[in-house]
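# Fold and contact review
Residues per chain, in single letters:
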Amino acid sequence: MTLLLSADSLAARRQALSVPEALGGLAASLQRELYAALTVPVPEGKSRLTRHGGRCVHCTVLLTFDPVQPAAHTCPTCGVVYTDQVHHEWWLMNAHLWTAEQCTRAAALSALCDDERAAARSDEILTTYADRYLAWPNRDNALGPTRPFFSTYLESIWLLHLCVALDLREQSAQGMPRGLGGVVRERLIAPSAHLIASFPEGRSNREVWHCAARLAAAGLLGDDALRGRAAESLRHLLRTGLHTDGSWYEGENYHLFAHRGLLSAVTLAERAGVELPLELVQRFAAGFSAPFRTMFPDGTFPARRDSQYGISLRQYRTADWLECGLARHDTPELRAALAMMYDPTFAPGETGRSTSTADAEHNQRGVRLARADCSWRALLLARLDLPPLTDAVAHSELLEGQGLAVFRRNAGRFWVGLDYGDPGAGHGHPDRLNLVIADQSARWLDDVGTGSYTSPTLAWYRSSLAHNAPMVDGKDQGAAAGILLAHDEQQDAGWVSAEFIDPLSGVRVRRTVVVMLRYLIDEVTWMSEQDVDFDVPLQARGEHTQPAWRPATTIVGSEWLSDVHEAAIRGETVTPLLLDCLPSPARHTEQWQTSFTCLLWSDAPATLWRARTIGPPGGRAHGLVSLRQHGRRGRSVRVFASPEVLAELKVDAAGIDISCFPVDLERGGLGTRTLHRRTEDGWSVQSIGPDATPPIELRGMRRADALQHTPASPVAVAPPAIPLRRHGEFAASFAGVECYRPTEATWTEAGSPGASLQLRRSPTGITIGVRASLHREPVFAAVVAENPLDNEPADTNSDGVQLHWRSAVTGKWNSVIAVPDGAGVRLTVAEGTLDGLTATWEEIDRGFSVEFELPWPLAASQFVLDCCVNERPSGRERRRGQLVLSGANGESAYLRGARQGPERAVTIVFQHPSS
């Protein structure tokens, strides 16, 4: 019995693969690649995450991974070769994953093809890793405990491959060296599995791989408790990570990554007899088709949320995953997707399989594929013979679980999507009601995804302004899901209407999109309880000369904007704009000046502004155009089409009147005139003219018009109030497990550090004394111009104090890091402002203390604060943990930077001593 296949199934597959052509010659192609790399040594050392490691400093793209080149790393764009140590440390991550996959490939070929050279290679890798694993340090990690990597999920992927390899080797006819299986279990699998199990990540794509690795390890170790906890986590992920439509909540790119992990985890669970509810298994099955329901016409996936930009369907690992999905659930959608992937007319190219880094994301340009390009999973789990693959015309879709409506026209070559639903949690962007439009060759309105997580550009890609999504007062949206109000699709007309209430501003926004055969209407209405600036940005470059642009003086922009201009537009008049598309990733050409027309209408005088900004990661700069309205409510309408389609637009309270040029331009004059109007239970479309069609009544209302309701107010969290008595003093200590956010070490292992805070009120201000008892000599980091590790403030990785408070002047939340520096204290603002804060420090026995002075008005009746003490002993480059005044709540210190929100802050109410 193996982890993934029964003994009988393995024997039957071994017999079937004795024919060289079986599975399209997959075994033979895997053998050729394996033999070409038999002499590549197993990598030595722990990988490391740094700001620039693994990326070209000029092009910002990932350097090419070559398993035989540990010291020379080439930029695929500009050709520069890097030899710095930081690039080698990034290379180590890829090399460990590549080696683990080589081990699994070799084991599979050994078990299925009686390949002795493959068996020897797999044994060599397992032996070497078992000897080295415990020698690598579990410290200075970016996300979770791990020895060979810097994030736990990478070790999970690595361990999963090694577990499958050991299992297959023990089923091979060649047999393993005596005692090797026990050594690998004892020195590698057991300690790695329990380290992974110590860091549960809840509803996360990373936890998917944790589950798969723990299930595989449990099978080899016979550990029922480990299997039980992993199985419970798997059920939770299937229930909360996958929507009812089968889509993963973090977007298509993460869907492909997470669902590959679910494929392993579900298969392992089923083989082990773990019970999974039928409804969850069906949801998992639907997940194989989900990303193809939203795919762009050019065969790439939308870059929603933290997705990489321009990811092609035609990846060998996607074909591999689809092959395994088709073996489980034969559906027309999967047959059509494989037909597209195996299209013989598509351009050939390098698949990237020979340098594959297991299941970590390493996307290639789309190329022609065949079954022989799949991986070891298909060798084990795919059907031996494919059913007939048939093409299918893509059609409009509504993914209600995900909250995404997609309309397709012109045989699927024109694509319109409104993203209104799940905000995507930690990988989400502030982009509710984001509108994306693409045709076969270009992106009219695009979502450019996310670049490097260690680059400062991450702040731009995760802003509302970087999307085609409404925003208020120049600030990013708060995290909340939108609500579907209406959806219908009839003939060549369809509509979607959705609503979003920004939890930060309380502004209620409705976006309605009507998609016809030759154009689409975009209507945005909004309501607020107070005067606000309301923007509807469009990721497109506006070059039209009317209205006249002038340098902007009132637009509050971003550091990522340049060449900002504005123009005043009159209310209830139509403004024509000619906009440039972003280039389609599939085109790979500099000749991308494809244009489209936008006729724009506002119900009141407004400002139109444009700017240049960065485009997709590693791509060329682009631009945006935004309509800004001011007040407490507003309505705007945009009509998009090719330049030769739109002739005239009229908008009033009764509806939207659109005139098009005739399809046959020789006929002269205007073509069809179409009147759109909102009805009591839907949207009416009535056309007049030579090309008139019967009236269309779009229905699909989900609930009453929500904009008639009172807008919601911003939600304020009120922490418990503590009265300040005892002659204006407050004191608290924060020590112990309940106050310590660890990384790799527990509070006890960290030497049981403690901290205390004392606050005193005076007529002019507040004095806050923080005492850090570290039970060791403090280590204060030197000042650096740029954090070499990531895009967090460098002083988070130092012994020091984070002070957080709500300003009495602005009401905003301020966060400051204080690090003793010689005779003074270095203050770094992480959020807000200093607010007049000053600080001094002194050394104490095996610790330090910092005293803050903060001006505070006597009339202010309360003070809201929180405090964290960061601790980083010598011999480390990242902090080991932090003590938190408001409690750690079982959290870890990973990825927190200097962020500490006001939700759990302490509120101190000032009272007279006699009260």
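Computed from a prediction, not measured in an experiment: that's the story for all the values here. (Residues numbered from 1 in each chain as written. Predicted model: local features only at pLDDT ≥ 70, side-chain atom pairs only at ≥ 80, totals over all residues. Heavy atoms only, no water.)

### Brief notes about the pairing of strand β29 (residues 754-761)
In this structure, strand β27 (residues 729-735) lies alongside β29, joined through 7 bridges in antiparallel fashion. Its bridge partner being in β29, A735 is matched across the sheet by G754. Judged from the 8 bridges that link them, β29 and strand β30 (residues 765-773) form a sheet pairing that is antiparallel. The residue of β30 that forms the bridge with L757 is V770. Connecting the antiparallel pair β29 and β30 is a turn made up of 3 residues. (Pairing = 2+ DSSP bridges. Helix = DSSP H or I, 4+ residues; strand = E, 2+ residues; numbered from the N terminus.)

### A few points about unusual backbone geometry
Backbone geometry follows two general trends: most residues other than glycine have a negative phi, and most peptide bonds adopt the trans configuration. Non-glycine residue A358 carries a positive phi angle of around 55°. With respect to the element layout, A358 can be found in the loop between α12 (332-341) and α13 (376-381). Despite not being glycine, D835 shows a phi value in the positive range, around 60°. Of note, D835 is situated in the loop between β33 (824-831) and β34 (838-844).

### Describing the sheet that holds strand β23 (residues 673-679)
Across the sheet, which stays open at both edges, the 5 strands sit in the order β21-β22-β23-β24-β25 with antiparallel pairing between neighbours. Only two strands of the sheet have a single partner each, and these edge strands are β21 (646-652) and β25 (696-698). Between one strand and the next, the sheet's axes are offset by a mean angle of 15°, whatever the strand orientation. Where β21 and strand β22 (residues 655-660) come together, 6 bridges link them in antiparallel fashion. Bridged to E648 within β22 is S659. (Axes fitted to C-alpha atoms, helices over the stretch in contact; angles between N-to-C directions.)

### Details of the pairing of strand β20 (residues 622-641)
In terms of burial, β20 is a largely internal element, 17 of the 20 residues being buried. Here strand β12 (residues 520-538) pairs with β20 via 15 bridges, running antiparallel. Each bridged residue has a counterpart across the sheet, and for V536 the counterpart in β20 is L627. Summarising the sheet, strand β18 (residues 595-602) and β20 pair through 6 bridges and their orientation is antiparallel. Within β20, the residue paired with W601 across the bridge is V637. Pairing analysis gives 7 bridges linking strand β19 (residues 606-613) to β20, with the strands arranged antiparallel. (Buried < 20%, exposed > 50% of the residue type's maximum accessible area, 1.4 Å probe, protein only.)

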